[in-house]
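One letter stands for each residue in the lines below.
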Amino acid sequence: MKRQKSSIFFKMIVMILVPVIITLTIMQAVLLREAGGELNKLSSQQVGDNSLMAAKNTEAFFYKYRMISEQMAANTYVAEVFTKVKDPTDRISEMPQYQQILSDMKDSASLDTENVLFTWYADADTSQLIQNDGFVAKAEWDVTSRPWYKVKDLGATLLVPPYADTSTGKTIVSLVSPVFEPGTRNVVGFAGIDLLLDTLGENFKTYKLGETGFFILCSDDGRIIYHPDPEMLDKSVDEMDISEEALAALKSGESIGISYEFEGTDVYGVTQPVGDTGWMVLTGLPDEEYGKIVKGLNTRAGIILVAGALAIALIIYLIAKSIINPMKRLAEGVERIADGELDVSIDVRTNDEVGLIADGVRKTTDRLSQYVAYIEEITLILDDVASGNLDFVLTQDYSGEFAKRKNALINISESLSSTLSQIGTAADQVAAGAKNVSDASVALSQGAAEQASSVEELSSSIAEISSQTKSNAENANRADGITLQTRQHAQVGDEDMQEMLAAMEEINSSSASISKIIKVIDEIAFQT
């Protein structure tokens, strides 16, 4: 059997798996592109959200103490004292309300002893300052030289830029609120709270931006409050190793997403203002990590694609085997049938098209087996017919085209029987004619014998007559005539015998000719 150049199994694998893989690859590329864009947006959003979170937490940190400062500024005892004091000689520490005011300052400071360094009040007109620890500024202390004195004109709480505390040497900030004259918006003094920034720095240390991201916190005067490198603390933002674009965005006071260079590394970050304090948060996430999520997604997608392709290939393999194996068994059975084995068992039982083909092959095999029985019976019958037996019976149920063969055999049998019957009748007639011919031949033989005897007698007579020639001249002439007539009859008899032999040869072809020959023989016999 000629083998196929390529199997259906291989074609199924190629024609199904390859388009599926190509389709999945295209879909993956499109989805990864879209997902990559979305992930970049999400990463950007994550950086922005972390920047906003750090700014909000910082704002909340200051808001808590701002509320304390404003509550201190709303103290009626303080407002009354600052309104009454008009001359530096009128010492606040000597007024009867002082002890109550001092107690209130201590209570405010006790709300957060970890971060609150001091709480204090200052009079705007007499430059007097009192603290929660009982400290009273000297007479030469000048309120107008303080950076927070501008609160008098602002009429609102102010976050003072960081500065070094003279007593502790630590960097602190002050939240200063205006104390108004009762019933007016006239600023008569200040309520302040000095805060340590250690906790704020510790909070920033806990913030995470990916694995290698960072946070930077700057005050409104451009001083670095928090930096991943402790050596950069309290330095100006201008001293940081960042690109000009990032520095400009940081000084803009606005929320801006920007790609910039930080200490020689390409990063993406966001500048985020801390409320209305003027402080700024700067974040940075290295591009390598920034794109790490997309790269990881690509890797995982590739793994999923390969795994999916393998799974699909396995499924196609199993499906193909379930189709090909029955087809192989079916092909083997058909090949055996083609080789003449009609008792082949087609062991293929499926509920699909292959099963239908197998059923068709089984039916074909059954039909071919019936055809073999037909052919064998026809062969035997033809052998009988060749042997002269025309009396046969067809036992098989001939169907389809073989029904015509059955009818043809029956017609042949009837036709041969009729012909042979006619031949038998003709043979009987020929036998009868031959008997007549035989009888005629016997009669003819007897006539010839008689003629021979007559000739012998005649010869004897001629001898006798010869001796009497002279006396019996007339008798000699008459004997001569008889002799001549006898010879003529003998010649005629010989011709009749030739005709009879020819007639006997023609007996088999026509009984009518035999009758004529018999009649001629009879006439000849009659004549002789």
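This section reports on the structure supplied with the text. This structure is a prediction, so every number in the text was calculated from the model and none was measured. (Residues numbered from 1 in each chain as written. Predicted model: local features only at pLDDT ≥ 70, side-chain atom pairs only at ≥ 80, totals over all residues. Heavy atoms only, no water.)

### Here we look at the overall build of the protein
Applied cut-off: The helix count covers DSSP runs of H or I at least four residues long, the strand count covers runs of E at least two residues long, and both are numbered beginning at the N terminus. Exposed residues in this analysis have more than 50% of their type's maximum accessible area, buried residues have under 20%, and partly exposed residues fall in between, with area computed by a 1.4 Å probe over protein chains only. It only takes one pair of heavy atoms within 4.5 Å for two residues to be counted as in contact. Exposure was quantified through the Shrake-Rupley algorithm and a 1.4 Å probe, taking into account, for residues, occlusion by the shown protein chains and nothing else.
Scanning the protein from terminus to terminus reveals 12 helices and 10 strands. Every one of the 528 residues in the protein was classed for burial, and the buried ones make up 36%. Relative to all contacts within the protein whose residues are 6 or more apart in sequence, the contacts with residues 24 or more apart total 55%. Here the protein has roughly 31,100 Å² of accessible surface; of this, 55% comes from carbon and sulfur atoms.

### So, the packing of aromatic side chains
How we decide: Ring pairs are drawn from Phe, Tyr and Trp, using the six-membered ring of Trp, whenever the two centres fall within 6.5 Å, and their geometry is named by plane angle: stacked under 30 degrees, edge-to-face over 60, tilted for the rest.
Per the counting criterion, the structure on display carries 13 aromatic pairs. Aromatic pair Phe204 and Tyr226: ring centres 5.5 Å apart, planes at 35 degrees, arrangement tilted. Residue Phe204 is found in helix H5 (residues 198-206), and its partner Tyr226 is found in strand S7 (residues 224-226); the two are separated by 22 residues along the sequence. Both residues of the pair, Phe204 and Tyr226, belong to the buried class. Taken together, the aromatic side chains of Trp120, Trp141, Trp148, Tyr149 and Phe190 make up a single cluster linked through ring pairs.

### Remarks on the packing of helix H2 (residues 76-84) against helix H3 (residues 98-110)
Put simply, the rule is: Here, axes are lines fitted to C-alpha atoms. For helices the fit covers the stretch in contact, and angles between N-to-C directions go from 0 to 180 degrees. Between 65 and 115 degrees an angle is taken as roughly perpendicular, under 35 as roughly parallel, over 145 as roughly antiparallel, and anywhere else as oblique. Crossing handedness is defined as follows: a turn of the near helix away from the far one that is anticlockwise and smaller than a right angle gives a left-handed crossing, while the clockwise case is right-handed. Under the grouping applied here, Gly and all other residues not named as nonpolar or charged are polar, the nonpolar ones being Ala, Val, Leu, Ile, Met, Phe, Trp, Tyr, Cys and Pro and the charged ones Asp, Glu, Lys and Arg.
The interhelical angle for the contact between H2 and H3, taken along N-to-C directions, is 135 degrees, at an axis separation of 9 Å. Taken as axis vectors, H2 and H3 run oblique relative to one another. In the crossing of H2 with H3, the sense of the turn from one axis to the other is left-handed. For the pair formed by H2 and H3, the contact residues are Tyr77, Val78 and Val81 on the first element and Gln100, Ile101 and Asp104 on the second. In the contact of H2 with H3, the residues fall into 4 nonpolar, 1 polar and 1 charged.

### What about the nonpolar core?
Operational definition: Residues belong to a common nonpolar core when they are buried Ala, Val, Leu, Ile, Met, Phe, Trp, Tyr or Cys residues joined through side-chain atoms within 4.5 Å.
Residues Tyr121, Leu195, Phe204, Leu217 and Trp279 are the most contacted members of the largest nonpolar core, which totals 46 residues. Broken down by element, the residue count for this core peaks at 9 residues, all from helix H1 (residues 8-73).

### Quick look at the side chain of Ser243
Put simply, the rule reads: What qualifies as a polar contact is a pair of N or O atoms within 3.5 Å, subject to a donor-acceptor requirement within protein and to the restriction that residues adjacent in sequence count only when both atoms come from side chains.
Following the sequence through the fold, Ser243 ends up in the loop between S7 and helix H6 (244-252). On the basis of relative accessibility, which here comes to 16%, the residue Ser243 falls in the buried class. Among the polar contacts made by the side chain of Ser243, one reaches the side chain of Glu245 at a distance of 3.3 Å. Ignoring sequence-local partners within four residues, the contact set of Ser243 consists of Tyr260 and Glu261.

### Focus: the pattern of salt bridges
Note the following rule: The working definition used for a salt bridge is a side-chain nitrogen of Lys or Arg within 4 Å of a carboxyl oxygen of Asp or Glu.
Going through the model one piece at a time under the given rule, you end up with 7 salt bridges. Between Glu59 and Lys56 there is a salt bridge, with the nearest N and O atoms lying 3.8 Å from each other. Taken together, the residues Glu59 and Lys56, both in helix H1 and 3 residues apart, mark about one turn of the helix. The class of Lys56 is partly exposed, set by a relative accessible area of 46%. Of the charged contacts, one joins Arg66 and Asp276 as a salt bridge, the two residues approaching to 3.8 Å between their closest N and O atoms. Here Arg66 is found in helix H1, whereas its partner Asp276 is found in the loop between strand S9 (265-273) and strand S10 (280-286), with 210 residues between them in sequence. The exposure class assigned to Arg66 is partly exposed, which follows from its relative accessible area of 26%. On the accessibility criterion, Asp276 (63% relative accessible area) is exposed. The network of salt bridges with common partners includes Arg66, Glu70 and Asp276.

### Some thoughts on the sheet that holds S10
Stated formally: Strand pairing is assigned whenever DSSP identifies at least 2 bridges connecting the two strands.
In spatial order, the strands read S7-S6-S10-S9-S8; together these 5 strands make up an open sheet with antiparallel pairing. Each of the sheet's edge strands pairs with one partner strand only, and the pair in question is S7 and strand S8 (256-262). Neighbour to neighbour, the strand axes of the sheet diverge by 30 degrees on average, direction disregarded. Sheet topology places S8 next to S9; 7 bridges connect them, and they run antiparallel. From the neighbouring strand, Glu261 faces S9, where its bridge partner is Asp266. The sheet strands contacting H6 are strand S6 (214-218), S8, S9 and S10, and the helix crosses S8 at an angle near 140 degrees.

### As for the side chain of Ser108
Its place among the elements puts Ser108 in helix H3. Beyond its immediate sequence surroundings of up to four residues, Ser108 is in contact with Ile68, Met72 and Thr119.

### Some remarks on the environment of Tyr149
For Tyr149, the position within the fold is in the loop between strand S2 (129-131) and helix H4 (151-154). For the pair Tyr149 and Val160, spaced 11 residues apart in the sequence, the C-alpha separation amounts to 9.9 Å. Setting aside chain neighbours within four positions, we find Tyr149 in contact with Ala124, Val143, Thr144 and Phe190.

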